[in-house]
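# Understanding the architecture of this molecule
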Amino acid sequence: MKKRRLVMRTIILLILGAAVAYSLYANLTKDTKQKVAVGEKAPDFVLTDMDGNKHRLSDYRGQGVFLNFWGTWCPPCKKEMPYINNQYQQYKDKGVQVLSIDIQESELQVNQFAEHYKLEFPIMIDTDKEVMTAYGINPLPATFLIDKNGEVVKYHTGEMTEKMVREFMEKIKP
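Remember, predicted model here, so these are calculated numbers, not experimental data. (Residues numbered from 1 in each chain as written. Predicted model: local features only at pLDDT ≥ 70, side-chain atom pairs only at ≥ 80, totals over all residues. Heavy atoms only, no water.)

Scanning the entire structure with this criterion turns up 8 aromatic pairs. When the ring of F69 is compared with that of Y135, the centres are 5.7 Å apart and the planes differ by 50°; the resulting orientation is tilted. Of this pair, F69 sits in strand 3 (residues 64–70) while Y135 is found in helix 4 (residues 130–135), placing the two residues 66 residues apart along the sequence. By relative accessible area, which is 0% here, F69 ends up buried. Ring geometry for F144 and Y155: centres 4.6 Å apart, planes at 45°, overall tilted. (Phe/Tyr/Trp six-rings, centres within 6.5 Å; stacked < 30°, edge-to-face > 60°. Helix = DSSP H or I, 4+ residues; strand = E, 2+ residues; numbered from the N terminus. Buried < 20%, exposed > 50% of the residue type's maximum accessible area, 1.4 Å probe, protein only.)

Structure (structure tokens):
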């Protein structure tokens, strides 16, 4: 009788262990790909920058767009912003536009950040995370390279070096 109970308990534990292992495997290997894939048209959006100017992505057809999602609290974002600004100065007259989208922070925070880093490209705030959701952004920072035809040619997540930013802008230069 005791031996039978031990066998039943062992079988139940093995089944529970297998269920837990399967759950972990399924969660770790599920498709975490961004919603906008390389080769697809970038979803259009309209956001207002810190100066009150509206920016519609489709208005930039014919130019390369360096679309960067970030937050003031994000250490990699802080590190790469000066690089993006430096390269923006080099490429803005060569047909490459930087559109920078902060995720859900206050204008005060974003303005202080922009002033601190002396950022000169358009900065917008995605207050309701609509654009972030449309692009499937997670985690920050995230950058989409969009060519002159409005197609995504590269998606990069994580911190960038100045060399990477320069190479990315060169890649989308019309």
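And the narrative resumes.
Okay, the sheet that holds strand 3 next. Spatially, 5-4-3-6-7 is the arrangement adopted by the 5 strands of the open sheet, whose pairing is mixed. Here the strands that pair on one side only, and so sit at the sheet edges, are strand 5 (123–126) and strand 7 (152–157). Ignoring which end each strand starts from, the neighbouring axes of this sheet average 20° apart. The pairing of strand 4 (residues 96–103) with strand 5 spans 4 bridges and is parallel. Bridge pairing in strand 5 places S100 opposite I123. Each of strand 3, strand 4 and strand 5 is contacted by helix 3 (residues 107–117), which is oriented at about 150° to strand 5, the strand it contacts most. (Pairing = 2+ DSSP bridges. Axes fitted to C-alpha atoms, helices over the stretch in contact; angles between N-to-C directions. Contact = heavy atoms within 4.5 Å.)

Another aspect to go through is a nonpolar patch on the surface. Taken together, the side chains of V7, M8, I11 and I15 make up a nonpolar region of the molecular surface, amounting to roughly 370 Å² of accessible area. Among the secondary structure elements, M8 is positioned in helix 1 (residues 2–29). The class of M8 is partly exposed, set by a relative accessible area of 47%. (Patch = residues over 30% accessible without salt bridge, like charges linked within 9 Å, V, L, I, M, F, W, Y side chains within 5 Å. Areas by Shrake-Rupley, 256 points an atom, 1.4 Å probe, with all protein chains shown as cover. Salt bridge = Lys/Arg side-chain N within 4 Å of Asp/Glu carboxyl O.)

What follows deals with helix 2 (residues 75–91). The terminal C-alpha atoms of helix 2, which comprises 17 residues, lie 25 Å apart, in line with the 24 Å expected from a rise of 1.5 Å per residue. The principal kink in helix 2, of about 30°, is found at M81, preceding the proline P82 by one to four residues. For helix 2, the set of buried residues is C77, E80, M81, I84, N85, Q87, Y88 and Y91. Residues of helix 2 that are buried make contact with strand 3, strand 4, helix 3 and helix 5 (162–172). (Expected span 1.5 Å × (residues − 1). Bend = angle between axes of the 7 residues up to and from the residue.)

One way to see where empty space is left: roll a probe the size of a water molecule over the atoms. Taken as a whole, the largest pocket encloses approximately 170 Å³ of empty space. What lines the largest pocket is D49, M50, D51, N53, N111, A114, E115, L119, E120, F121, P122 and I123. Top element by residues in the lining of the largest pocket is helix 3. It accounts for 3 residues. Residues of the lining of the largest pocket, tallied by class, amount to 6 nonpolar, 2 polar and 4 charged. (1 Å grid on protein atoms, 1.4 Å probe; cavity = no way out; pocket = protein on both sides within 12 Å on 5 of 7 lines; lining within 4 Å. Points joined across faces, edges and corners; volume = space filled by probe spheres on them. Nonpolar A, V, L, I, M, F, W, Y, C, P; charged D, E, K, R; others polar.)

All right, on to empty space enclosed by the protein then. One pass over the structure, following the stated rule, counts 1 cavity of 30 Å³ or more. In this structure, the largest cavity occupies an estimated 40 Å³ of space. Taken together, A42, L57, S58, Y60, R61, Q63, V65, I146, D147 and G150 make up the lining of the largest cavity.

Bringing the pairing of strand 6 (residues 142–146) into the picture now. Here is the key point about a regular strand: its side chains alternate between the two faces of the sheet. Of all 5 residues that make up strand 6, 5 are buried, and the element is covered over most of its length. Side chains A142, F144 and I146 of strand 6 all project onto a buried face; the interleaved residues T143 and L145 project onto the opposite face, where all are buried too. As defined by bridge partners, strand 3 adjoins strand 6 across 5 bridges and the pair is classed as antiparallel. Looking at the pairing, F66 lines up with L145 of strand 6. Of the strand pairs in this sheet, strand 6 and strand 7 are connected by 5 bridges, and their pairing is antiparallel. When the bridges of strand 7 are listed, F144 appears paired with Y155. Hairpin connection, strand 6 to strand 7: the antiparallel pair is bridged by 5 residues, and G150 has positive phi, about 85°.

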